[in-house]
Amino acid sequence: MMLKRSFMLVGMFSVSLFSYASEGSISAGESTFRTVGGYGCIACHGLYGQGGGNVGGNIRGNSLNDLKYSLEHEQTMKLLGDALSEQDKINLAEYMEYLGTFQLVDWMYVVA
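Everything numeric here is computed off the predicted structure, so don't read it as measured data.

S.K.: Just to check I follow, could you spell out the nonpolar core for this structure?
M.R.: Soluble globular proteins tend to bury their nonpolar side chains together. Phe-33, Leu-67, Leu-71 and Leu-92 are the most contacted members of the largest nonpolar core, which has 15 residues in total. For this core, the secondary-structure elements that each account for two or more residues are helix H2 (23–35), helix H4 (64–73) and helix H6 (86–99). If you tally residues by element for this core, the top one is H6, at four residues. Leave out the neighbours within four places in its chain, and Phe-33 touches Gly-40, Cys-41, Ile-42, Gly-46, Leu-47, Gly-49, Ile-59, Leu-92 and Tyr-95.

In structure tokens, the structure reads:
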């Protein structure tokens, strides 16, 4: 029973931490997501970070640690490392986490 309570508390704590991301930082993160490096994250990860056939994978819900790891270890991401300030990285991570809170709907078009 104690283990179950611990997980519940951790889950509640992590949700409350995300709720403190300001609208301004999420908006700044969205701007960076669309423009960094002259082409934005959308070039590889899609407009909503979903991957979906683009070069990059689904990054919706990723954290600051995930972003920093990718900037240090992924060859294509290393190109953006110098273009992002520490605050840019924080804002971008908050935007990616924000994207992860929404259900992604894929639309299929059938041409007859």
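S.K.: Honestly, the state of the cysteines in this entry has me stumped. Any pointers?
M.R.: When the sulfur atoms of two cysteines share a covalent bond, that bond is a disulfide. Following the criterion strictly, the structure yields zero disulfides and no others. Considering cysteine sulfurs only, Cys-41 is the nearest to Cys-44, which forms no disulfide, with 8.6 Å between them. For Cys-44, a relative accessible area of 27% puts it in the partly exposed group.

Parameters and conventions
- Residues numbered from 1 in each chain as written.
- Predicted model: local features only at pLDDT ≥ 70, side-chain atom pairs only at ≥ 80, totals over all residues.
- Heavy atoms only, no water.
- Core = buried A, V, L, I, M, F, W, Y, C linked by side-chain atoms within 4.5 Å.
- Buried < 20%, exposed > 50% of the residue type's maximum accessible area, 1.4 Å probe, protein only.
- Helix = DSSP H or I, 4+ residues; strand = E, 2+ residues; numbered from the N terminus.
- Contact = heavy atoms within 4.5 Å.
- Disulfide = S-S within 2.5 Å.

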